[in-house]
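Structure assessment
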Amino acid sequence: MTISKAFTDYSWNFISLGILAASGILINLIILKFFSVDALGIFNQTYALFVIFSQLSVLGIHYSVLKRSSEVTEERQEYKNIFLGGVLAVFICASTVTIIFYASSSLFSKVLDSVFIEDTIKIVSPALLLFSINKVIASFLNGQEKMKHFAIINITRYISLITFLLIFINLGFTEVNIIYMFFFSELIVLIMCLSFSY
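Report follows, based on the coordinates. Counting restarts for each chain, with residues numbered from 1 along the sequence as it is written. For a predicted model such as this one, the threshold for reporting local features is a pLDDT of at least 70, and the threshold for listing and counting side-chain atom pairs is 80 or more; totals across whole chains, interfaces and linings nevertheless cover every residue. For side-chain calculations, the full set of non-hydrogen atoms in the structure is used, while hydrogens and water are omitted.

**Some remarks on helix H3 (residues 61–71)**
Each residue is assigned to one of three classes by its accessible area relative to the maximum for its type, calculated with a 1.4 Å probe on protein chains only: buried under 20%, partly exposed between the two thresholds, exposed over 50%. Numbering of helices and strands runs from the N terminus; a helix is a DSSP stretch of H or I covering at least four residues, while a strand is a stretch of E covering at least two. Turning to H3, its buried residues number three or more, namely Ile 61, His 62, Val 65 and Ser 69. For H3, the angular spread of the buried residues around the axis is 95°, confining them to a single face. When the buried face of H3 is taken as reference, the exposed residues oriented beyond 90 degrees from it are Tyr 63 and Glu 71. Next to the buried residues of H3 lie helix H2 (37–58), helix H4 (76–103) and helix H6 (115–143). For this quantity, the arc is that covered by the directions from the helix axis to the C-beta atoms. When checking whether two residues touch, look at their non-hydrogen atoms; a contact exists if any pair is within 4.5 Å.

Structure representation (structure tokens):
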């Protein structure tokens, strides 16, 4: 990696971190403006559970893919094996965790004393599978020193979340149904990940 490429790549990643921070604040402000404090609480509880289960659904597979893809030189077949192996492994693992997450929705609803959490968990569960696959593919690209692509993927995720949130609000979605923003955002990210991988 040349100095100029390293500077460019790191700059893109710093930008993505800035957009991450700004988008998090903006999403909270938008929900507060168009819904209520209770709606924001439901959103943040759902998101917190999503983050926790996303760690379980990947189980460090993305680190393995990152390491292995960074060690390969120019063997295209080896890259293909690492990519397919990582995606298959995370698909199996994430599918299992997604089912558990979905099935535990009523339990979390009782624990958190919220009738809405059961619905929001069921809505966000499919996004968990897509997020896990995207995380592995992004790590694959990062291992190939495609850090700019890695940053663009993250930026796309944050911008997509805000975009779909605003679209759903304009369509009259409830505070529960705006959670679909996670699934559609991850779908966009998946398409981008696949396009960068080939």
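Moving on from the model shown.
**Thoughts on the side chain of Ser 105**
Summarising the element assignment, Ser 105 is placed in helix H5 (residues 105–111). Judged by its relative accessible area of 2%, Ser 105 falls in the buried class. Two N or O atoms form a polar contact when they lie within 3.5 Å of each other; inside protein one atom must be a possible hydrogen donor and the other a possible acceptor, and for residues adjacent in sequence the pair counts only when both atoms belong to side chains. A distance of 3.0 Å separates the side chain of Ser 105 from the backbone oxygen of Tyr 102, its partner in a polar contact. With near-sequence residues (within four places) excluded, Ser 105 lies in contact with Glu 118, Ile 121 and Lys 122.

**Overview of the pattern of salt bridges**
Criterion for a salt bridge: a side-chain nitrogen of Lys or Arg within 4 Å of a carboxyl oxygen of Asp or Glu. Taken as a whole and assessed by the stated rule, the structure comprises four salt bridges. Two residues, Arg 68 and Glu 78, come together in a salt bridge whose shortest N-O distance is 3.2 Å. Residue Arg 68 is located in helix H3, and its partner Glu 78 is located in helix H4; the two are separated by 10 residues in the primary sequence. The exposure class of Arg 68 is partly exposed, given its relative accessible area of 40%. You can call Glu 78 partly exposed: its relative accessible area is 30%.

**A closer look at the packing of H6 against helix H8 (residues 180–197)**
Two numbers describe a pair of packed helices, the interaxial angle and the distance between the axes. Working convention: axes come from line fits to C-alpha atoms, limited for helices to the stretch in contact. Angles between N-to-C directions cover 0 to 180 degrees. One can describe the packing of H6 onto H8 by two numbers: an axis separation of 8 Å at closest approach and a directional angle of 25°. Looking at the two axes, H6 sits roughly parallel to H8. The handedness of the crossing between H6 and H8 is left-handed. Of the residues in H8, those touching H6 at Ile 123, Val 124, Pro 126, Ala 127, Leu 130, Phe 131, Ile 133, Asn 134, Ile 137 and Leu 141 are Tyr 180, Phe 182, Phe 183, Glu 186, Leu 187, Val 189, Leu 190, Cys 193, Leu 194, Phe 196 and Ser 197. Just so you know the grouping, Ala, Val, Leu, Ile, Met, Phe, Trp, Tyr, Cys and Pro go in nonpolar, Asp, Glu, Lys and Arg go in charged, and all remaining residues, Gly too, go in polar. A breakdown of the residues in the contact of H6 with H8 according to their chemical character gives 18 nonpolar, two polar and one charged. For this classification, under 35 degrees means roughly parallel, over 145 means roughly antiparallel, 65 to 115 means roughly perpendicular, and everything else is oblique. Put simply, a crossing is left-handed when the front helix is turned counterclockwise from the back one by less than a right angle, and right-handed when it is turned clockwise.

**Notes on the side chain of Ser 16**
Along the chain, Ser 16 falls in helix H1 (residues 3–34). In this structure Ser 16 comes out as buried when scored by relative accessible area, which is 4%. Not counting the four nearest positions on each side in its chain, Ser 16 is found in contact with Ala 151, Asn 154, Ile 155 and Tyr 158.

**Examining the packing of aromatic side chains**
To pair, rings of Phe, Tyr and Trp, with the six-membered ring standing in for Trp, must have centres within 6.5 Å; the planes then decide the type, stacked if under 30 degrees apart, edge-to-face if over 60, and tilted in the middle. The final tally for this structure, using the stated rule, is 13 aromatic pairs. Summarising the aromatic geometry, the rings of Phe 43 and Tyr 47 are spaced 6.4 Å apart at their centres and angled 5° between planes, so their arrangement reads as stacked. Placement of the pair is Phe 43 and Tyr 47 together in helix H2, with a separation of four residues, close to one helical turn. Residue Phe 43 is classed as buried on the basis of its relative accessible area, which comes to 6%. One aromatic cluster in this structure is built from Phe 43, Tyr 47, Phe 50, Phe 131 and Phe 182.

**Structural notes on the packing of H4 against H6**
For the pair H4 and H6, the least separation of the axes is 9 Å and the interaxial angle reads 160°. Judged by the inter-axis angle, H4 sits roughly antiparallel to H6. In this structure, the crossing between H4 and H6 has a hand that is right-handed.

By themselves, these observations are geometric and do not establish any function.
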